[in-house]
Amino acid sequence: MGRNSDDIHKMAKKVDASMATLNQALRKFGVPKGMGNSLTTLKTRTGDVISQLEMSRRRQ
């Protein structure tokens, strides 16, 4: 694994950490009315992006 692989892993960790921060804030303050479905979609797609980044890292 080279430098590019490390960069991909760092990016995936940053995205994951940002999503965890968002989840903590939502637990603390609640989900704004009418945003539940949008947030669920965002969480799902973010997870998909992280998975894709990790898979591309492993291929290198």
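This one's a predicted model, so the numbers in the text were calculated from it and none came from an experiment. (Residues numbered from 1 in each chain as written. Predicted model: local features only at pLDDT ≥ 70, side-chain atom pairs only at ≥ 80, totals over all residues. Heavy atoms only, no water.)

S.K.: Before we go on, may I ask you to explain the overall build of the chain in this structure?
M.R.: Scanning the chain for helices and strands turns up 2 helices and 0 strands. Expected size for 60 residues packed as a compact globule is a radius of gyration near 10 Å; at 14 Å, the chain overshoots this value by more than 25%. Dimensions of the chain, computed from C-alpha atoms along their principal axes, come out at roughly 45 × 20 × 10 Å. Counting across all 60 residues of the chain, residues that qualify as buried make up 20%. A total accessible area of about 4800 Å² is found for the chain, and carbon and sulfur atoms account for 54% of it. For the chain, the separation between the mean place of its 12 positive charges and that of its 5 negative charges on side chains is 7 Å. (Helix = DSSP H or I, 4+ residues; strand = E, 2+ residues; numbered from the N terminus. Rg over C-alpha atoms; globule rule 2.2 N^0.38 Å. Buried < 20%, exposed > 50% of the residue type's maximum accessible area, 1.4 Å probe, protein only. Areas by Shrake-Rupley, 256 points an atom, 1.4 Å probe, with all protein chains shown as cover. Lys, Arg positive; Asp, Glu negative; His and termini not counted. Charge placed at Lys NZ, Arg CZ, Asp CG, Glu CD.)

S.K.: What should I look at first to understand helix H2 (residues 36–59) in this one?
M.R.: The periodicity of an α-helix, 3.6 residues per turn, causes residues three or four positions apart to be oriented the same way. Given a rise of 1.5 Å per residue, 24 residues ought to cover 34 Å, and the 35 Å separating the end C-alpha atoms of H2 matches this to within 8%. Every buried residue of H2 is listed here: Leu39, Thr46, Ile50, Leu53, Glu54 and Arg57. (Expected span 1.5 Å × (residues − 1).)

S.K.: What's the story with the environment of Ser56 in this structure? I'm lost.
M.R.: Checked against the element boundaries, Ser56 lands in helix H2. On the accessibility criterion, Ser56 (22% relative accessible area) is partly exposed. Between the C-alpha atom of Ser56 and that of Thr40, which follows or precedes it by 16 residues, the distance is 25 Å. Looking at Ser56, its side chain comes within polar contact range of the main-chain oxygen of Leu53, at 2.9 Å. (Polar contact = N/O pair within 3.5 Å; in protein donor to acceptor, adjacent residues only side chain to side chain.)

S.K.: How do you make sense of the environment of Met35 when you look at a structure like this?
M.R.: Within the secondary structure, Met35 sits in the loop between helix H1 (3–29) and H2. It is 13 Å that separates the C-alpha atoms of Met35 and Asn23, two residues lying 12 residues apart in sequence.

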